[in-house]
Structure formats: C-alpha cells, structure tokens
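# Residue-level structural notes
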Amino acid sequence: MAQHKQLTWTELRVGLFVLAATILLVVVIFYVTGAGALGPKYRLHVLLPEVDGLAVGAPVRVNGVEVGNVERIVIAPPKPGQQPSKDKSIEVQLRIQKSFQDHIRTDSTAGLITEGLLGNRYVDIDRGFVGRILQNDEELPGREEKALK
C-alpha cells in the first residue's frame, strides 16, 4: 500500500530558504562579475591594429566609468572592394549599457589601456560631445596607443 507523505511546515521553510539562497547567489555572481544581465544593452564595433592581452569579458570604460564589456574578438574581414588594412585588422565587439549611449558619439574614439602591473587590458572610450550618437551595431573609431619604451 502506498503511503502519502504530508509536507510539513519545516520542510517547506527549508525549501523556501534554499530557493531564496539560490536567487541571492545568482544576483551576487552577476554583480561581482559585471555581467549585468539586467538592463538594456547595445553593441558597437571597434577596429584596432592589435589586441594583445585583451580578453572577452574585459571591461569597457568611458573616461574611466565602466559601461560594458568586450563581447567578442575576431580577425576583421576585409570590406568588399578594399584591401585589408594593417591598422584595422582586429574587430572588437563591445556590449554597452544603453543608459550610456548619449556619451558615445561619432567624435568618440576607442583604444586599449593596460591596467596595473599584471598587464590586464581594457577598452577605453573617449567621450564624444559634438558628433551624432552611435546606434546599435555601428563602428566606433579606433585609435592606436603609443607603445612604452
């Protein structure tokens, strides 16, 4: 004969506690990693000559304020009818929080900055003031950084 086990109040409280702890853990992971699954985002593309030390997930900053992260790094395909350019050989796709879209314009430029002694790199965008606001999937002009000697 099958026995029916009745759910006790103690078991229900334990289950609710585990559920709440799991949700809190997910929120903390998103907050610490900066993945920011919450809030609208848009993408921009930057063509750079090299990206040595830049990793997917690296921060993107506008004048020092973190606004997104690097989503993808690929070798840039040549545009139809044009020769490949040495200065624009790597395409970096950026995922930016939409709330910062007004600060990234056609007169903005993006480059790589080395952070700290370990050589971690991130994308630094110079804020634009007079150009047109860049929309989703547009190209942000890249700049080459001076090498340290």
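In case you missed it, the structure is sitting above this.
Residues numbered from 1 in each chain as written. Predicted model: local features only at pLDDT ≥ 70, side-chain atom pairs only at ≥ 80, totals over all residues. Heavy atoms only, no water.

In this section: the pairing of strand β3 (residues 65-75). Of the strand pairs in this sheet, strand β2 (residues 59-62) and β3 are connected by 4 bridges, and their pairing is antiparallel. In the sheet register, Val 60 faces β3, and the bridge partner there is Gly 68. Hairpin connection from β2 to β3: 2 residues lie between these consecutive antiparallel strands, with Asn 63 at a positive phi of about 50°. Of the strand pairs in this sheet, β3 and strand β4 (residues 90-97) are connected by 7 bridges, and their pairing is antiparallel. Each bridged residue has a counterpart across the sheet, and for Gly 68 the counterpart in β4 is Ile 96. (Pairing = 2+ DSSP bridges. Helix = DSSP H or I, 4+ residues; strand = E, 2+ residues; numbered from the N terminus.)

Our focus in this paragraph is the nonpolar core. As a rule of thumb, soluble globular proteins bury nonpolar side chains together. If you look at the biggest cluster of nonpolar residues, it comprises 22 residues, and the most contacted ones within it are Leu 94, Ile 96, Ile 104, Val 123 and Ile 125. Those elements giving two or more residues to this core turn out to be β1 (41-48), β2, β3, β4, β5 (109-115) and β6 (120-126). In this structure, Leu 94 is in contact with Tyr 42, Arg 43, Leu 44, Val 46, Val 60, Asn 69, Val 70, Val 123, Ile 125 and Leu 140, ignoring residues within four places of it in sequence. (Core = buried A, V, L, I, M, F, W, Y, C linked by side-chain atoms within 4.5 Å. Buried < 20%, exposed > 50% of the residue type's maximum accessible area, 1.4 Å probe, protein only. Contact = heavy atoms within 4.5 Å.)

What follows deals with the sheet that holds β1. Taken in spatial order, the 7 strands make up an open sheet running β5-β6-β2-β3-β4-β1-β7, and their pairing is mixed. Single-partner strands in this sheet number two, and they are β5 and β7 (138-140). Taken pair by pair, the neighbouring strands of this sheet meet at an average axis angle of 35°, ignoring direction. (Axes fitted to C-alpha atoms, helices over the stretch in contact; angles between N-to-C directions.)

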